[in-house]
Amino acid sequence: MSTHKREVVVTFWGVRGSTPCANKENMEYGGNTTCLEVDVPGTDDMLILDSGTGIRNLGNSVIDQPGQIRGRIFITHPHWDHIQGFPFFKPIYGSKNHFAIHMPDQGVEGGCKDILDGHLTKTFFPVTLDMIDANLEYITQPQERKSYEGYDIDFMMANHTVETAIYKVYINGKQIVFCPDNELIVGDNRQSAYQEELEEFLEGVDLLIHDGQYNRSSYEEKRGWGHSAWEDVVALGRKLDIKRLFITHHDPDSDDSQLSALDDHLQDKFGSVFKEIGLAKEGYQIFL
Ligand SMILES: [Zn+2]
Ligand SMILES: [Zn+2]
């Protein structure tokens, strides 16, 4: 057990939506798909949210450490961009290591394990689940607050095209919400049970990381695709007194020049409203 860690450190390992986009014009914000690490004070156990391609670099960063590597991976939903990095996470090939993989119910018999099993079949990939050496536990996550090693996790369902978790982590007296895929309801249909639940769930959280793949004009062509416009995310963040707001799940076609212009705009216009606001960037760390 480490006793030196007191702060909660949140690290972005992948910030893209839909597909990796390793073009050189994307390298400042990063080309890997969604993966977030929360460094939990008081334990060396890992807490990971989503296993997009960013999880490969996270695995490489810990693979040489001595002893057992343990942790939990909470997957929001099984769309490719959220699970594609899983078989490239090297710690799952160490026989001493232990990981629990959590996912909300997808209405598939066999739950989390069968979803991953179906993804890793010989037709699509050389590695199948039975070839993984680490001790893996598969958990179809119930929708209630559960306690783990140094934190609690709860979730509500997102407005997305499949059953998708909006995870809330309670840690060190702080609340972190990770919501990479969620379509905020705008316009006339706004009053709904979902909207009320969402506002109550997000009210006053210390850190919100939310889908902002589109802007208002690109959103209009993509209504119903399950993603939000950044303008609507900022408006919600202001309304609900969110302390730190990061927009993520960037469109693979949004290059660094577009994203950095938007980031500058967010600082100029809303920098004084939030404790911290910005676009998620691969490698960036938030200290809580
Ligand atoms: Zn996604
Ligand atoms: Zn999705």
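In what follows, the structure referred to is the one given above.
Model, not experiment: these values are computed from the prediction.

Focus on the overall build of the protein chain
Summing up its helical and strand segments, the protein chain has seven helices and 14 strands in all. On C-alpha atoms alone, the protein chain measures out to a radius of gyration of 18 Å, which is about the 19 Å that the 2.2 N^0.38 rule sets for 288 residues. Dimensions of the protein chain, computed from C-alpha atoms along their principal axes, come out at roughly 50 × 45 × 40 Å. The proportion of buried residues among the 288 residues of the protein chain is 45%. A separation threshold of at least 6 residues defines the contact pool for the protein chain, and within that pool the share at least 24 residues apart is 68%.

With respect to the sheet that holds strand 4 (residues 70-74)
If you walk across this open sheet you meet the seven strands as 6-5-4-3-2-1-14, and the pairing is mixed. In this open sheet, the two edge strands, each paired with only one partner strand, are strand 6 (135-141) and strand 14 (285-287). In this sheet, adjacent strand axes meet at a mean angle of 20 degrees when their direction is disregarded. Relative to strand 4, strand 3 (residues 46-49) runs parallel, the two being bridged by four bridges. The residue bridging Ile48 from the neighbouring strand is Ile73, located in strand 4. Against the sheet, helix 3 (residues 111-119) engages strand 5 (98-104) and strand 6, with an angle of about 115 degrees to strand 6.

Some details on the environment of Gln143
By secondary structure assignment, the location of Gln143 is in the loop between strand 6 and strand 7 (146-147). Here Gln143 falls in the partly exposed class, since 13 other C-beta atoms lie within 10 Å of it. C-alpha separation for the pair Gln143 and Glu183, spaced 40 residues apart in sequence, amounts to 20 Å.

Quick notes on the sheet that holds strand 9 (residues 165-171)
Strand order in the open sheet formed by seven strands is 7-8-9-10-11-12-13, and the pairing between neighbours is mixed. In this open sheet, the two edge strands, each paired with only one partner strand, are strand 7 and strand 13 (276-279). Direction of pairing for strand 9 relative to strand 10 (residues 174-179): antiparallel, over a ladder of five bridges. Following the sheet pairing, Lys168 is matched in strand 10 by Val177.

Things to note about the nonpolar core
Counting 69 residues, the largest nonpolar core has Leu36, Val38, Tyr167, Val177 and Ile209 as the members making the most contacts within it. It is strand 9 that contributes the most residues to this core, five residues altogether. Residues contacting Ile209, with those up to four places away along its chain left out, are Leu36, Val177, Phe178, Cys179, Phe246, Thr248 and Ala280.

A closer look at helix 6 (residues 230-239)
Along helix 6, the positions that sit buried rather than exposed are Trp230, Val233, Val234, Leu236 and Gly237. With its buried residues spanning 165 degrees around the axis, helix 6 presents them on a single face. Buried residues along helix 6 sit against strand 11 (207-211), strand 12 (244-248) and helix 7 (256-270). In the stretch just after helix 6, Asp241 is the one whose phi turns positive, near 60 degrees.

Conventions we followed
Residue numbers here run from 1 along each chain, matching the order of that chain's written sequence. Lettering of chains starts at A and numbering of ligands starts at 1, both following the order in which they are written. Per-residue local features of the predicted model are confined to residues with pLDDT of at least 70, and side-chain atom pairs are confined, for both listing and counting, to 80 or more; whole-chain, interface and lining totals are unaffected and use all residues. Each helix is a run of DSSP H or I of at least 4 residues and each strand a run of E of at least 2, with the numbering of both proceeding from the N terminus. Values of the radius of gyration come from C-alpha atoms, whereas the globule rule sets the reference at 2.2 Å times the count of residues to the power 0.38. Put plainly, a residue is buried at 20 or more neighbouring C-beta atoms within 10 Å of its own, exposed at 12 or fewer, and partly exposed in between, counting only other residues' C-beta atoms, which are placed from the backbone. We call two residues in contact when the distance between their C-beta atoms, placed using the backbone, is within 7 Å. Strands are treated as partners if at least two bridges between them are detected by DSSP. Angles run from 0 to 180 degrees between N-to-C directions of axes, and those axes are lines fitted to C-alpha atoms, restricted for helices to the stretch in contact. Under the definition applied here, buried Ala, Val, Leu, Ile, Met, Phe, Trp, Tyr and Cys residues are grouped into a nonpolar core through C-beta atoms within 7 Å. Think of it as the arc spanned by the lines of direction from the helix axis to the C-beta atoms.

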